[in-house]
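Report on the structure
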Amino acid sequence: MRVRFAPSPTGLLHIGGLRTALYNFLLARKHGGTFILRIEDTDRARYVAEAEQDIIDSLRWAGMDFDEGPGKGGPHAPYYQSERGDLYKEAAEQLLAGVHAYVAFDTPEDIEAMRKRLTTKENPNPKYDLGTRASMTNSLTLSEGEVQTRLDAGEPHVVRLLVPEGETIHVQDLVRGDVAFDSAEVDDQILVKSDGMPTYHLANVVDDHEMEITHVIRGEEWLSSVPKHILLYKYLGFEPPKMAHLPLIMSPTGGKLSKRSADKLGIPVNVQQYRDAGYEPEALVNFLAFLGWNPGTEQEVFSMDELIEAYTVERTGQSGVQFNIDKLNWYNGQFVRKLSADEIASRAREAVEKTVGPISEKQLLAVAELMRERLTFAHDLADSTYFFKDPVSYDEAGVKKRWKEDSAELVRLYAHVLEAGDEFTEASTEASMRDLVESQGVGFGQLIHPVRLATTGTTAGAGMFETLVLIGKDACVRRLLSAADALG
RNA sequence: GCCGCGUUCGUCUAGGGGUUUAGGACGCCGCCCUUUCACGGCGGUAACACGGGUUCAAAUCCCGUACGCGGUACCA
């Protein structure tokens, strides 16, 4: 089994692309097959130089190493379509020789004029097909000599697929079953552009055959191109690979998840943005795997190895799926909690130091250990600045709810008790608080809530006494006293 | 317009003739745990697009309609 991920380097890798790569990767790993990366850089106008490195980095980050491809080589190198021109040229010549393709000299203006002439309400997109090819300038309408003369003169031309008449073209799609197309609906696709580069359709068919690809898994946007590919496989004498067309990822507001629509909703689309936002790669992978696929069990959280084990193409869904960032975030929390305190600390360090300045490894580790259950992202640690700095303000709603008439007095008393004590441990801080409330004849809550407010500035957090110990005796006393002054 | 694909809770989905008072997950709400917040546990909210057929029986099969998505490029 050999599968490929074949992106076009026109921009940063999109999560839809990552999901396509993932399904290919899972299939290959499950069956001990080969996962190939091929760069489809035949569109010189849309080429983006940084894109290739981004694709490679993103795949590695996500834990999907490829077996053959750029920088890695392999038996079918090179893995750039721009460097495989001879193969496409040869194929085009073979098609021309078998009269399954023809040369066309029409200029873009000619085609534009033809379309304008033929456009009606019923036919808003006239095609260059078996209905119109006879009225155009090509090797089907020109004499052999005339064609040769133009070719010799170096006249710009393209090579087009000669689509047959009256055929029904079938595809056995792994996720959709039998899909049939009438050849009358298929246009005479350009196979070789006037700059000599192949179009996707030709290059893709030639490469998939030459690289011995057995399974093509790609987005549904390709389904309507399949009849062209089937024809090419047939005319070239190639065996078509098995195909699976994936449901598209849609925006939460409907429509496809484009860069623009996502930006508007504040949803990242590029893998790099997820990486920068602090997502765990396993979480993104798990989430993406479940966007259009499910294992048929009730397990939701999967490691990459478990996904490989569980994956089957047959369980792929058929309808478009909406992107849901809440679920992704939930997955992220699941994976963050699986991390060691050490890993959480190293991921959070940059964000924490950015808000509170340099801190010791020991301290950061202790905070990570204490707060881990409360995190959605590792860098959420940076939100709890009170572990490192005195609070500069107190949560307004919290003060209103928890800070009573007697709070300042009680907090001061507690500060004095802590200051006088020899010990400063979870046990000692709790014991002195319990003693104090008893001697003052007040409820436990009347002290602990104001103490939390005074020492952290918030009403939420980990266990109070563990938190106090981490903050440290001097800082606790100082904070209690200054809060008592500030809040009265 | 034409062609192709699709349509089960708000979202991701299970279920593919009787097992279903349609199951799970996210979200939301409530309760429990608890000094708080989270985690966790328990419970709740909420769906078979519509209309015809086939059948003893349809979410499940067939047809139609509606709606959504994709394609209709010398882009991939």
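The coordinates are above.
Attention here is on the structure that accompanies the text.

1. Some points on the packing of helix H16 (residues 407-420) against helix H17 (residues 426-440)
For the pair H16 and H17, the least separation of the axes is 10 Å and the interaxial angle reads 135 degrees. Accordingly, the angle class assigned to the pair H16 and H17 is oblique. Here the hand of the crossing between H16 and H17 comes out right-handed. Contacts from Leu410, Leu413, Tyr414, Val417 and Leu418 of H16 reach H17 at Thr429, Ser432, Met433, Leu436 and Gln440. Here the contact of H16 with H17 is built from residues that sort into seven nonpolar, three polar and no charged.

2. Digging into the nonpolar core
Note on soluble globular proteins: their nonpolar side chains tend to be buried together. Membership of the largest hydrophobic core comes to 56 residues, with the highest contact counts inside it found for Met64 and Phe323. If one sorts the elements of this core by residue count, helix H1 (residues 15-30) sits on top with nine residues. The residues touching phenylalanine 323, leaving out its near neighbours within four places in the chain, are Ile15, Ile249, Met250, Pro252, Leu257, Ile267, Tyr274, Phe287, Leu291 and Leu328. Judged by nonpolar contacts, the second largest core, of 51 residues, contains Val352, Ile359, Leu381 and Ala483.

3. What about the packing of aromatic side chains?
This model, assessed by the stated rule, comprises 14 aromatic pairs. Measuring from ring centre to ring centre gives 4.8 Å for tyrosine 279 and phenylalanine 377, while their planes differ by 80 degrees; the resulting arrangement is edge-to-face. Here tyrosine 279, found in the loop between helix H9 (271-276) and helix H10 (281-289), pairs with phenylalanine 377, found in the loop between helix H14 (361-371) and helix H15 (396-402); they are 98 residues apart in sequence, far enough to count as distant. Here tyrosine 279 and phenylalanine 377 have matching classes, each one buried. Site record: aromatic cluster; members linked through ring pairs are Tyr23, Phe290, Trp293, Phe302, Tyr311, Trp330 and Tyr331. Against the face of phenylalanine 105 rests arginine 150, its NZ or CZ located 5.3 Å from the ring centre. One residue, arginine 434, lies across the ring of phenylalanine 444, its end atom 4.0 Å from the ring centre.

About the cut-offs
Note on numbering: residues in each chain are counted from 1, in written sequence order. Each chain is given a letter, starting from A, and each ligand a number, starting from 1, according to the order in which they appear as written. Residue-level local features of this predicted model are given only where pLDDT is at least 70; pairs of side-chain atoms are given and counted only at 80 or more, and the full residue set underlies all totals for whole chains, interfaces and linings. Excluded from the side-chain calculations are hydrogens and water; all other atoms, namely the structure's heavy atoms, are used. Every axis in this analysis is a line fitted to C-alpha atoms, fitted for helices over the stretch in contact. Angles between the N-to-C directions lie between 0 and 180 degrees. Working definition: helices are DSSP H or I runs of at least four residues, strands are E runs of at least two. Numbering for both runs from the N terminus. Throughout, the term roughly parallel applies to angles under 35 degrees, roughly antiparallel to angles over 145, roughly perpendicular to angles from 65 to 115, and oblique to all others. The sense of a crossing depends on the near helix, which, turned anticlockwise from the far helix by less than a right angle, makes the crossing left-handed and, turned clockwise, makes it right-handed. The contact criterion used throughout is that any non-hydrogen atoms of two residues lie within 4.5 Å. Gly falls in the polar group here, along with every residue not listed as nonpolar (Ala, Val, Leu, Ile, Met, Phe, Trp, Tyr, Cys, Pro) or charged (Asp, Glu, Lys, Arg). Think of a nonpolar core as a cluster: buried Ala, Val, Leu, Ile, Met, Phe, Trp, Tyr and Cys residues, connected wherever their side-chain atoms sit within 4.5 Å. Burial classes follow relative accessibility: with a 1.4 Å probe on protein chains only, a residue under 20% of its type's maximum area counts as buried, one over 50% as exposed, and anything between as partly exposed. Note on aromatic contacts: the rings of Phe and Tyr and the six-membered ring of Trp form a pair at centre separations within 6.5 Å, being stacked when their planes are under 30 degrees apart, edge-to-face when over 60 apart, and tilted otherwise. Think of it as a cone above the ring: NZ of Lys or CZ of Arg counts as a charge over the ring if it is within 6 Å of the ring centre and within 35 degrees of the ring normal.

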